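# Coordinates in review
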Amino acid sequence: MSTLAADERPRPTAPAPAAPERPPARRRPGSRLALRNTLIGWSFILPNFLGFAVLTLVPVVTLFYVSFTDWNVFGVATWVGLDNVTRLVGDASFHRALLNTLYYAGVHIPLTLAASLGLALLLNRKMRGVAFFRTVAFFPYITSVVAIAVVWNMLFSPEFGPINQLLRAIGLADPPGWTTSSTWAMPAIILVSVWREMGYYMLLLLAGLQTVPAQLYEAARMDGANAWQRFLNVTLPGLRPTMFFVTVMLTIQSFKVFDLILVMTNGGPGQSTLVLSQYIFQKGFVENQFGYASTISVALFLLCISITVVQFLVNMRRDA
Amino acid sequence: MKRITPATIGLTAVVALTLTACGGTDEGDSPGTDGAAAEGPVTLTLAGWSLSTTPEFQTLADAFHEENPDITVELQEYDATNYDTQMTADLAAGTAPDVYVQKNLRNFYTYQSGNQLLDVSDVVAELDEGTGGAEFYEVDGASYAVPYRQDAWVLYYNKDLFAEAGVDEPDGSWTWDDYATAATELTDGLEAAGSEALGTYQHNWQSTLQGFALAQTEGADLASADYGFYEPYYERVLDLQEAGAQVGYGTITTNSLTYQAQFGTQQAAMMPMGTWYVATLIAQQESGDAEEFAWGLAPAPQSDSSTTGTSSTPVTFGDPTGLGINPAIDEEKAAAAKEFLAFAAGEGGATALAEIGITPALLSDTVVETYFALEGVPGDDLSRFAYSTHDTRPENPVAESTATVQNILNDMHSAVMSDSAGIAAAIEEAENRAASEAGLG
């Protein structure tokens, strides 16, 4: 009811003179309208919200409960308190997966950001065939991950792959083993994922670039700013809202990377490319330890949310 | 009269339903197999995957129905790759079929310990003693599934390439060292003859190497967290890889090589693989996906000469595929389900499966005869010996820790095979992980 009352308050447009005479009769049509509006509003979001509640909200809330239990899917989950957390703290494989995830995110985020910004700047000018090049840059993003992984794996093939043949041709005697080497597997995956995702973020940044007012560039030019100075003092500040959005999305995407790694290396060789989401999958769906898998999920969730909060705080301070 | 009939039918139905409902709540003894089949027609549901390309389920269902016209078996289809995930969900939701397949031994423990399998010890007690793998489903003296097919790993070899290289064909007496020598000789001989084929092909699965090591090493145990027994097997394979007698692990993974193409298009003269590949190879030679060449089966090479030769029983490995009963089955259907299990694991099921080129768990003389009467199956004595005589050990012995340990060993496999870690270091890491992650050792 409080929402209805609140809705009613800012309605000074109603015929004022009638007000003192019959207050109850006046209230009704207003509240009815508000109720109707609310119902209509609800009916719009209900289908989506129901889906969200049933398929996302309830499972996520359940996950928090399951993370404190020992559960193999069948029967009742046994409450084990903080046992799973204690196990997590001492689990060397978890540490490995966490470090690998941080490694992936730490290199993948700045690289993708730089590559997509470069592409966006390059394709944000009037030139012939710009639409074609934008499409080309976006293409990897809409290609199936499995196809990408299989083809890149072949390109990376240590002995017969085109990449190493090229490297040998330019005089590198001992080219890296890429996905078959524990040192080079992660860089190989990062390369592929940067290539795959830069088109998408380029599109977002392009949209952002178009919102930077042209007269600012003009004014900067009048003041004698060179191209680098214009980029630093006009483009980047103008892009900040978009950059913020892109960075947050990119961060979350990087922390939950899964499909590409699963198909390209399946976490190997050894555990050299094992990431958190894959470890969750292994513990849950392969080893049927759903309680412990949920605990790792919660850890991943906390990691994502704390980094996002920090990003928001930094952004807010800059805004102020 | 016209009005009475529907009423009578209705009343009968109500009475019948009430009685059945009462019967359902009765905590009676679990029905046995001694002919106590439900009266009247019964319909059982059976799980299967990729039904259009996997005929074994329909074959079993039809053959059983022919023998027991009162019982019809209907199939419920699942996705082959996600079979266990989907089955787990269906069991938890109460919508799983009456009889479901234990696709591999790795997940059997989860089903059994989760009380999702009916005790079928009475069926197992009646089985032929020669049924392979029946004991793998035993937990604390009771059996929870029956095996109906059991493939075992053997050595496939290409007779034409052996002749071309001028190397003697296997005679059943090979140890792994003999195999390695032959692989190197074959590679050299084939190269001299102008062929690009290599001596052998060992697929990148962990089973290809670890399965043999676990089965053939005395005292080897996954639960011991002592994995030194893998070392000689890895040394041998790395040497072969180094010598160029087999394709490198990295090439297999990065180029997604398939074993069917490697052996079927004569890229390798030998290949250790499971007996399921016999039917595939014959079909592919017929369809043209594989080239025409003469081939044969030899027993899997042994770790030492104590188990070699056609007078002894070679040791190999392979997990059975089994059938178990969903405990949520209607009580009156349980007897029929047990009859189906007994049939599938018995001579009737075995012959029906052998007729379509599948290796049943029961390898009686008749079954082997049926199998080798199929067109395309090599008819020589050694192939027959390799196919029918072996001591098959489980690849995934049933235990709580097996799934975790196999994951750890899979990481060890990729680390060693890709030369990312030395054998000893990788084994040590696996042992440490087994101790900390599975609480072993």
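In this text the structure is predicted, and so the values were computed from the model without any measurement.

Along its length, chain B carries 18 helices and 13 strands. Principal axes of the C-alpha set define a box for chain B whose edges measure 95 × 50 × 40 Å. Within chain B, buried positions represent 48% of all 441 residues. At a minimum sequence separation of 6, the contacts of chain B that also span at least 24 residues come to 75%.

With that out of the way, let us pick up the overall build of chain A. If you tally the helices and strands in chain A, you get 13 helices and two strands. Relative to the globule expectation of 20 Å for 320 residues, the C-alpha radius of gyration of chain A, 27 Å, shows a markedly less compact shape. Seen along its three principal axes, the alpha-carbon backbone of chain A occupies a region of about 95 × 70 × 35 Å. Across the 320 residues that make up chain A, the buried fraction comes to 29%. Counting only contacts in chain A whose residues sit at least 6 apart along the sequence, the fraction spanning at least 24 positions is 67%.

In this section: the environment of Val246(A). Residue and element names in this part refer to chain A. When you line up the elements, valine 246 lands in helix 10 (residues 227–255). Taking C-alpha positions, valine 246 is 13 Å from leucine 111, a pair spaced 135 residues apart along the chain. Leaving out residues up to four positions away in the same chain, valine 246 has contacts with Leu113, Tyr201, Leu204 and Leu205.

Right, let's get into the UniProt feature "transmembrane region" (unreviewed entry) in chain A. All names here are of chain A. Residues given the UniProt feature "transmembrane region" (unreviewed entry) here are residues 39–66, 102–123, 135–156 and 290–314. Between the C-alpha atoms that bound residues 102–123 the distance is 31 Å, and the span itself is 95% helix and 0% strand. In this annotation, residues 135–156 is assigned 86% helix and 0% strand; the end-to-end C-alpha distance for the span is 25 Å.

Residues and elements named next belong to chain B. Partitioning chain B into structural domains gives domain 1 (36–151 + 318–363) and domain 2 (153–316 + 388–438). For domain 1 versus domain 2, the separation of C-alpha centres amounts to 30 Å. Tallying the contact residues gives 17 residues for domain 1 and 19 residues for domain 2. By residue class, the composition of the side of domain 1 that touches domain 2 is seven nonpolar, seven polar and three charged.

Let us now look at the UniProt feature "domain: ABC transmembrane type-1" (unreviewed entry) in chain A. Under the feature "domain: ABC transmembrane type-1" (unreviewed entry), the UniProt entry names residues 98–311 of chain A. Split by type, residues 98–311 of chain A is 75% helix and 0% strand. Its first and last C-alpha atoms lie 20 Å apart.

Moving on to the pairing of strand 12 (residues 320–325) of chain B. All names here are of chain B. Judged by how many residues are buried, strand 12 sits mostly within the fold: six of six residues are covered. Of the two faces of strand 12, both are covered, the one formed by Pro320, Gly322 and Gly324 as well as the one formed by Thr321, Leu323 and Ile325. Pairing of strand 3 (residues 99–102) with strand 12 involves four bridges; the strand directions are antiparallel. Across the sheet, the residue bridging to valine 99 is isoleucine 325, located in strand 12. Note: strand 6 (residues 146–150) against strand 12, four bridges, orientation antiparallel. Bridge pairing in strand 12 links proline 147 to glycine 322.

Thresholds applied
- Residues numbered from 1 in each chain as written.
- Chains lettered and ligands numbered in written order.
- Predicted model: local features only at pLDDT ≥ 70, side-chain atom pairs only at ≥ 80, totals over all residues.
- Helix = DSSP H or I, 4+ residues; strand = E, 2+ residues; numbered from the N terminus.
- Buried ≥ 20, exposed ≤ 12 C-beta atoms within 10 Å, placed from the backbone.
- Contact = placed C-beta atoms within 7 Å.
- Rg over C-alpha atoms; globule rule 2.2 N^0.38 Å.
- UniProt positions renumbered as here; feature names shortened; annotations may be inferred.
- Domains from an automatic or database assignment.
- Nonpolar A, V, L, I, M, F, W, Y, C, P; charged D, E, K, R; others polar.
- Pairing = 2+ DSSP bridges.

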